[in-house]
Amino acid sequence: MKLRGADIVARALARAGTRYVFTLSGNHVMSLFDAALEAKLPLVHVRHEAAAVHMADAWGRLTGEAGVALVTGGPGHANAVSALYTALAAQSPVVLLSGHAPTNETGKGAFQEMAQAEMAAPVCKAAWTVRSAQTLGGDIARAMRMAKAGRPGPVHLSLPSDLLEAQVDVDLPAKEDFVPESILPGVKDEVLDALQRAKKPLLIAGPALGNARGRAVLGQFEETTRVPAIVMESPRGVNDPSQGLLAEVLAAADVVVLAGKRRDFTLRFGAAFAKDCRLFEVDAVGEHWLVPAARMSWVKGGWLDEVQSAIAFRPASWRSLASQPGGPLHPLEVGRAVQKLLDAPEAVLVADGGEFGQWSQATLSAPHRLINGPAGSIGAALPFAAAAKLALPGSNVVAMLGDGTFGFHPSELDTAVRNGLAYVAVVGNDRCWNAEYQIQLRSYGAARARGLDLLPTRYDRVAEGFGAHGEHVERPAELAPALERAARAGRAA
């Protein structure tokens, strides 16, 4: 069958089951926009290339499918690359497709010519430039497989524009070509035996198991073995605000299995554990662990309850803390009010930013959670929230973000309004890059705490300018009614 290269790509993505392509237009990819019409491939057109990758990242984490981002070449690709690091650290299956200068102009100073694959390679599982229109379908299938295989992560393909316009006679990949092999690493008896014999064992999973499906598997493992299973996905590591007394738990463990989790800075490169703690590092943990584990006898006394209690710990003073009637509002009080929106089936919490984002993670819980992850970068909250609403359209989606974070992608409110994505974004406005300000105070003193002030911007009015709903809250009594109006607005708020 003779097809244009762009049609091969679009139809291959459709055959793979791609439900949305998150994209920003540009010269090199307009043939793909055209081809998407025949392939019935829905495009979600964003306002910044990094936002397209963030949306694909959130989609991948929530659904387990490969999130697909499509951008133009050169500067468009460069804008997108920065967001790949967040996806890589979060072990999120993403495929970034970038347009590219024509192959017959490479090295001659072509329009927006750039070493794109080389630029993307450090923040991807794999990155390459397609060399033939004949292989376009196979390259797409390979990228989709790689993104989901083993420890998930982003994969990049650069697509030269002349290959997208070429007419070739080729068959499309079969549906099974997009599916990674289901061969999982076996569980070594030594690992399970060590967990069984330990007095205070732990299983620590990486970010790939931070979604609802992964946590359900870990919950089954806990129920079967009585071994505490913890997901570590915060850049704050042992000081993860959502994990209570995690540092004390890690220090007390005598056997630890790191399942898809590196012994990296979040674990103080291993110093978070006692010197005599036995450490095992394995690729991942999944349902295939449950069968051999269920054949063994597990008795752990009160250790699991002890760990769960430590993780759930929050200071007693938090329960009674209240803001002054005239304001400003304390993040704890904001969290108590917002939690009512998240006490709903399939609700999604997005938490992003410095101080306000950390308070949100410490005080809020939901069936689904999206945070910036071990990368520690900020700015993804609004794209994350939009993608979450696409992935779970009937759910309550609440994004908690600071005023610094809001500044990265405010124009994505336009994307949400155009696509009818009704989420609630709560901006903690302290007129400051407060996480860094606190570093200045601790390290250099108040006299040298400079350069981090922001304006008292009315972000609710910014939202209204993009067609979203806006609310402004200064006093505790105003909070609950404002949240209720936002939740009922029927559009991004």
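Residues numbered from 1 in each chain as written. Predicted model: local features only at pLDDT ≥ 70, side-chain atom pairs only at ≥ 80, totals over all residues. Heavy atoms only, no water.

## Side note on the pairing of strand β4 (residues 67-71)
In regular strands, side chains alternate between the two faces of the sheet. Our working definition: For every residue, the accessible area obtained with a 1.4 Å probe (protein chains only) is divided by the maximum for its type, and the residue is called buried under 20%, exposed over 50%, and partly exposed between those limits. Note on conventions: DSSP H or I runs of at least 4 residues are helices, E runs of at least 2 residues are strands, and numbering of each starts at the N terminus. We call two strands paired when DSSP finds no fewer than two bridges between them.
Across the 5 residues of β4, 5 count as buried, placing the element largely inside the fold. Burial along β4 is two-sided: Gly67, Ala69 and Val71 facing one way and Val68 and Leu70 facing the other are all buried. Sheet topology places strand β2 (residues 21-23) next to β4; 3 bridges connect them, and they run parallel. Counted as the bridge partner of Thr23 is Leu70 from β4. Pairing of β4 with strand β5 (residues 94-100), which is carried by 5 bridges, proceeds in the parallel orientation. Each bridged residue has a counterpart across the sheet, and for Ala69 the counterpart in β5 is Leu96.

## Notes on the sheet that holds strand β6 (residues 126-129)
Heads up, the condition is: Axis angles are defined between N-to-C directions and span 0 to 180 degrees, where every axis is a line fitted to C-alpha atoms and, for a helix, only to the segment in contact. The criterion used for residue contact is that any of the two residues' heavy atoms lie within 4.5 Å.
Strand order in the open sheet formed by 6 strands is β3-β2-β4-β5-β7-β6, and the pairing between neighbours is parallel. Two strands in the sheet have a free side with no partner beyond their single neighbour: β3 (43-45) and β6. On average, each strand axis in the sheet is tilted by 20 degrees relative to the strand beside it, whichever way the strands run. Running over the sheet, helix α3 (residues 49-63) touches β2, β3, β4 and β5 and is turned about 170 degrees from β4. Sheet contacts for helix α4 (residues 75-89): β4, β5 and β7 (154-160); angle to β5, the most-contacted strand, approximately 165 degrees.

## Digging into unusual backbone geometry
Of the consecutive residues Gly327 and Pro328, the connecting peptide bond is found in the cis state with omega at 0 degrees. Within the secondary structure, Pro328 sits in the loop between α13 (317-320) and α14 (331-342). Unlike most non-glycine residues, Gln112 shows phi in positive territory, near 55 degrees. Residue Arg226 is not a glycine yet carries a positive backbone phi of 65 degrees. The topology assignment puts Arg226 in the loop between α9 (212-225) and β10 (229-231). Accessibility expressed as a relative area gives 29% for Arg226, which makes it partly exposed.

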